[in-house]
Amino acid sequence: MAAEQEAVSNKRVILSNYVTGFPKESDMKITSGSIKLKVAEGSKDTVLLKNLYLSCDPYMRWRMSKLDRPSFVDSFHPGEPINGYGVAKVLDSTHPKYAKDDLVWGSTGWEEYSLVTAPQLLIKIQHTDVPLSYYTGILGMPGVTAYAGLYEVCSPKKGEYVYVSAASGAVGQLVGQFAKLAGCYVVGSAGSKEKVDLLKNKFGFDDAFNYKEEPDLDAALKRCFPQGIDIYFENVGGKMLDAVLLNMRLRGRIAVCGMISQYNLEKPEGVHNLEQLIGKRIRLEGFLAGDYYHLYPKFLELVIPAIREGKMVYVEDIAEGLENAPAALVGLFTGRNVGKQLVAVA
């Protein structure tokens, strides 16, 4: 008991200043605070976590800026730990839903230990026969994003033509596999030969191309989809979206998950081919994973057996140690990672 009352060191990743342009490692710093490994007496519905894995996600770039207009996320605060999705073990709890030694995934701090006063943002982990790190990816927010964007927003039908940009990333690699399970023809794009090979040889895409080697994206899409595209899972934005719009089929659907090409631009690029939406009756819809967490049990019923049976695979890029977390996060925006980028805390 006495040991629990003593404060222990708590390494943390702090945002130094608000970011403009491309983020740098120096925009974050590693500091050390202290924390008691016991929830304070009288603290209601509070959970103390030991963080095991932290998820690096593109949306976090928005939070590193001082947001001057309404957004679905708040800015991080300079001088305080950044936060995001992670996997953790409960060390102590005054919340009736969580007990000591429970494993959870959800919102937590970029630090060794976190005191969480909004544990409704945590989901208890029931299946531990798969890697715990998967709950930052295929079994976490990116998995729900891929599942909801494809099945709920786009309603794929057997034989349809599906295009996925940023296809080797945390979400894209899953969208392609879900689309194959639905009987679709799937093409993905990525930014290196290694990633293109992964798409075709590991994730089962029918075809893939390196967008960096394509001077004309419209021509590349016409080559891959001579019949046109029924479903586009949008992760990139900008010139890619413009080219896709020219290649969509009648009553095509576009699920807008992200626009990573735009996040570091002080002035976002415009999109010039939106008139294509009209004559082709294309539906373009943005969505958030959080809108679909009520489907998580149904999602697990599909994905857990698929993992166990080898019908779905997942590639992770794991940075070891909290001190390497800033480099891992920044690397997302130069395409340094291969697969889902995460950080193993300990």
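Residues numbered from 1 in each chain as written. Predicted model: local features only at pLDDT ≥ 70, side-chain atom pairs only at ≥ 80, totals over all residues. Heavy atoms only, no water.

Chemist: Give me the pattern of salt bridges: which residues, what numbers.
Modeler: Tallied over the full model, the rule gives 20 salt bridges. When the shortest N-O distance is used, the salt bridge between Lys180 and Asp206 registers 2.8 Å. On the criterion of sequence distance, the pair formed by Lys180 in helix H4 (residues 172-181) and Asp206 in the loop between helix H5 (193-201) and strand E10 (207-210) is long-range, its members being 26 residues apart. One salt bridge connects Lys193 with Asp197, and the closest N-O pair in it is separated by 2.8 Å. A residue pair is termed a helical-turn pair when its members lie 3 or 4 positions apart in one helix, as Lys193 and Asp197 do in helix H5 at four residues. Here Lys193 falls in the exposed class, since its relative accessible area comes to 60%. For Asp197, a relative accessible area of 27% corresponds to the partly exposed category. Because the salt bridges share partners, they merge into one network encompassing Lys89, Lys100 and Asp101. (Salt bridge = Lys/Arg side-chain N within 4 Å of Asp/Glu carboxyl O. Helix = DSSP H or I, 4+ residues; strand = E, 2+ residues; numbered from the N terminus. Buried < 20%, exposed > 50% of the residue type's maximum accessible area, 1.4 Å probe, protein only.)

Chemist: Explain the packing of helix H3 (residues 141-154) against helix H9 (residues 296-308) residue by residue, including any values.
Modeler: The contact between H3 and H9 brings their axes to 11 Å, and the two run at 95°. Accordingly, the angle class assigned to the pair H3 and H9 is roughly perpendicular. Contacts between H3 and H9 pair Gly143, Val144, Tyr147, Tyr151 and Glu152 from the former with Tyr296, Lys298, Phe299 and Leu302 from the latter. Tallied by class, residues from the contact of H3 with H9 come to six nonpolar, one polar and two charged. (Axes fitted to C-alpha atoms, helices over the stretch in contact; angles between N-to-C directions. Parallel < 35°, antiparallel > 145°, perpendicular 65-115°, else oblique. Contact = heavy atoms within 4.5 Å. Nonpolar A, V, L, I, M, F, W, Y, C, P; charged D, E, K, R; others polar.)

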